Amino acid sequence: MPLRARQRCHAALTGLAVLTLSLALAGPAAADAPVDDARAADTWTEVGSDRADPLTESQGLASVEVPAGSPNRYTGIGTIPLGLSTRGWNHVGDPDASYDGHYVEPYQRDDGSTKMFRVQAPDGSWSEYVHTLSPGEALNNSWSALSPDGQWMLAGEWGTMNRLLVFPTPGVNPATSPSANLPQAATVHLDHAVRDVQGCDFLDATTLLCSSDDPEGALFGITKPLLRIDLSAAPNGTADVSGHVTALRQLPLRSACSGDFEAEGIDYDRRTGTLRVIVVSPGFCVLTDSKTYRFTRS
């Protein structure tokens, strides 16, 4: 999320101090956009939702398989450790976890030339992996997605982009070390531009599902789309791959308040076949009816 978006989120959270104000500005619920035949070919049907806490569940989420019985993980402004924020790492994006239990959170700061990935190993220990920006790379560090084999990590930038970035998975791939720069290994070249992608997760070795916070709708005919990206090959860090982008549906935009929603992180749990996406509500309703929506494949 860029600085301007983060400022929107922070402003909304300031409303905690004035929660007693009337929601008189509440408007009608926004309707989901219709789904055309092409999008319906891969249909994800909403099956439920849970309230998303604005402080601790408003940025991203991940299901963790190891150790068995681990709870789902969430990120938000309230989950950033004080030691990181005092060093300038003041935004955390959408995390992911490998099938063997390595958990990766993407961090960014407001200036400089680096981004950081914070990794928790299955034994509970934490380590930090810093990446120095490549030429032309945006400072934003919105999300991380770990390949099913665990060896490669995709990450994304904010804005209108025609690519995704490929890195060796920090803490998992033996080519990585906390004491060395985390290098970009390859690129996914997209056949269709995407805008403001807030999270991606692997459905299988060559398929990604992504949440886009696109507010305009000009790219796919709908705002806030759920995207599917079909890769030409599984990322292996030795060669670039291409990605075919399809918009599947609009994410749910329902709230007691009218205004600008914000699509956030995404998670696919292969154990249950459940897709989850966070959508933050407008205005003061960020406090009351932001949701993590659940979907299953029809």
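1. With respect to the sheet that holds strand β17 (residues 262–269)
Spatial ordering of the open sheet is given by β1-β19-β18-β17, a layout of 4 strands whose pairing is antiparallel. Only two strands of the sheet have a single partner each, and these edge strands are β1 (44–51) and β17. Each neighbouring strand pair of the sheet contributes to a mean axis angle of 25°, computed without reference to strand direction. Summarising the sheet, β17 and strand β18 (residues 274–280) pair through 6 bridges and their orientation is antiparallel.

2. Here we look at the state of the cysteines
The final tally for this structure, using the stated rule, is 2 disulfides. Put simply, C200 and C210 are joined by a disulfide, and their sulfur atoms are 2.0 Å apart. On the S-S bond that ties C200 to C210, the torsion sits near 110°, and the link is right-handed. With C200 in strand β13 (residues 197–204) and C210 in strand β14 (residues 207–212), this pair connects stretches of sequence that are 10 residues apart. Taken individually, C200 and C210 each receive the classification buried, so the pair is uniform in this respect. Between the sulfur atoms of C257 and its disulfide partner C285 the distance amounts to 2.0 Å. Between C257 and C285 the sulfur-sulfur dihedral comes to about 65°; the bridge is accordingly right-handed. You can see C257 sitting in the loop between β16 (241–250) and β17 and its partner C285 sitting in the loop between β18 and β19 (291–297), a full 28 residues away along the chain. With respect to class, C257 is no different from C285; both count as buried.

3. Some details on the sheet that holds strand β10 (residues 152–155)
Spatially, the 8 strands line up as an open sheet ordered β9-β10-β11-β12-β16-β15-β14-β13, and their pairing is mixed. What marks the edges here is a single partner per strand, and that holds for β9 (144–146) and β13. With strand direction ignored, the average angle separating the axes of adjacent strands in the sheet is 25°. Judged from the 6 bridges that link them, β13 and β14 form a sheet pairing that is antiparallel. In the sheet register, C200 faces β14, and the bridge partner there is C210.

Thresholds applied
Residues numbered from 1 in each chain as written. Predicted model: local features only at pLDDT ≥ 70, side-chain atom pairs only at ≥ 80, totals over all residues. Heavy atoms only, no water. Pairing = 2+ DSSP bridges. Helix = DSSP H or I, 4+ residues; strand = E, 2+ residues; numbered from the N terminus. Axes fitted to C-alpha atoms, helices over the stretch in contact; angles between N-to-C directions. Disulfide = S-S within 2.5 Å. Buried < 20%, exposed > 50% of the residue type's maximum accessible area, 1.4 Å probe, protein only.

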